[in-house]
Amino acid sequence: MNELLKQDWYVDLINDCIVIIVRGTSEYRWALIEMYHQLGHRILTENDNFERKKIYGREIVQRVAQSLGKAKRSIYYSVQFAKKYPDITSFPEGKNVAWRDVVHKYLPEPKKLEPQIILEPLKGTYNVIVIDPPWEYGELDFQGRRGAAPYPTMPMEAIKAIDLPAADDCVLWLWVTNRFLREGFECLDSWCFAYKNCFTWVKHAFGVGNWGRGQTEHILLAVKGSPKVDFGSTPTAVFGKRREHSRKPDDFYQMVEATCIGKKLDYFGRQQRQGWEVYGNEPDKF
Ligand SMILES: C[S@@+](CC[C@H](N)C(=O)[O-])C[C@H]1O[C@@H](n2cnc3c(N)ncnc32)[C@H](O)[C@@H]1O
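Residues numbered from 1 in each chain as written. Predicted model: local features only at pLDDT ≥ 70, side-chain atom pairs only at ≥ 80, totals over all residues.

Caption draft 1: Molecular detail of the site of the ligand. In the vicinity of the ligand there are 16 residues, among which Asp132, Tyr151, Lys248, Phe268 and Arg270 approach most closely. Grouping the constituent residues of the shell around the ligand by class yields seven nonpolar, four polar and five charged. (Near = placed C-beta within 6 Å. Nonpolar A, V, L, I, M, F, W, Y, C, P; charged D, E, K, R; others polar.)

This is the structure in structure tokens:
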């Protein structure tokens, strides 16, 4: 046997086999990587369609994975790969690399799902409700916009399913960002409130945005029954400085107090206010 191992023809045979195996494995590995890249690239080309259907980030991955019968992680990493290296030839390693290593060394981990927040349900009902939902922007927005909220967010279906503790006669103030205007109206329908007017917070400085730099947020005013209100000549513009992320101006609360009568609730509020109940997971933040 040892004699055989030393024979030239046998050494050549083994060397050739090694070359064939290395080349084959490398080609196979690279073909697999190209496949993931093509997959991610193809999904990214539909971003506008997904946006029009209001399907973002995690949900896109989930739906495509489900339709293909593939693991969500594979779809997620394919998209991340194509996003990070739109041109596959710019990938920094040679072709003899395993997909596993591409994933671990070069691609971001998917964001962990938020732990569920469980709060004691509210007792009683309110005549005046301000609600400022933690809209979910989607952590994998393909345009590179990330859900940058510094607090946990809720999927749209969960927000729409909120059981508002509204009295029979209730006035509702729903905060919406420009991006979530449509969803705001969907919430009003789902909560059975009738839309009355739109108020706008005009901030002293503008923020980010590709189609106009954001300087406004809106509050949809809606009612149920016949709440007691006195709007007099209250204008629909609210002013007040931009402060911490998502923090709403005191001028707004003063306007609500001046126009609406009855038990008041600040749903998802983060600051205690005299005459108000605050409900959320961080009611004493400010
Ligand atoms: C848009 S912020 C509210 C900002 C607030 N109106 C202000 O002016 O500071 C949404 C809040 O909802 C909280 N939140 C997120 N998910 C929640 C949940 N499932 N239950 C209760 N509160 C939640 C967030 O932690 C955050 O404090």
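There is more to say after this.
Caption draft 2: Region of the structure containing the packing of helix H2 (residues 8-44) against helix H5 (residues 72-84). The N-to-C vectors of H2 and H5 enclose an angle of 85°; their axes lie 7 Å apart at closest approach. Taken together, the axes of H2 and H5 are roughly perpendicular relative to one another. In contact with Tyr36, His37, Leu39, Gly40, His41, Ile43 and Leu44 of H2, H5 contributes Tyr77, Ser78, Val79, Phe81, Ala82 and Lys83. Counted by class, the contact of H2 with H5 contains eight nonpolar, four polar and one charged residues. (Axes fitted to C-alpha atoms, helices over the stretch in contact; angles between N-to-C directions. Helix = DSSP H or I, 4+ residues; strand = E, 2+ residues; numbered from the N terminus. Parallel < 35°, antiparallel > 145°, perpendicular 65-115°, else oblique. Contact = placed C-beta atoms within 7 Å.)

Caption draft 3: How the structure looks around helix H4 (residues 57-68). If you check H4, its first and last C-alpha atoms are 17 Å apart, about what 12 residues at 1.5 Å a residue would give, namely 16 Å. Downstream of H4 by a residue or two, Gly69 has a phi angle that is positive, lying close to 65°. (Expected span 1.5 Å × (residues − 1).)

Caption draft 4: Fine view of the sheet that holds strand E4 (residues 216-224). Strands sit in the order E5-E3-E4-E2-E1-E6-E7 across an open sheet of seven strands; the sheet is mixed. The open sheet has two free edges, formed respectively by strand E5 (237-239) and strand E7 (276-279), since each of these has just one partner strand. The sheet shows a mean angle of 20° between the axes of neighbouring strands, direction not considered. One ladder, built from three bridges, connects strand E3 (residues 194-202) with E5; its direction is parallel. (Pairing = 2+ DSSP bridges.)

Caption draft 5: Helix H8 (residues 181-190), seen in detail. Along H8, the residues classified as buried are Gly184, Cys187 and Leu188. End-on view of H8: buried residues confined to an arc of 100°, all on one side of the axis. Facing away from the buried surface of H8 by more than 90 degrees, the exposed residues are Arg182 and Asp189. Looking at the buried residues of H8, the elements they touch are helix H7 (156-160), strand E2 (166-176), E3 and E4. (Buried ≥ 20, exposed ≤ 12 C-beta atoms within 10 Å, placed from the backbone. Arc of directions from axis to C-beta.)

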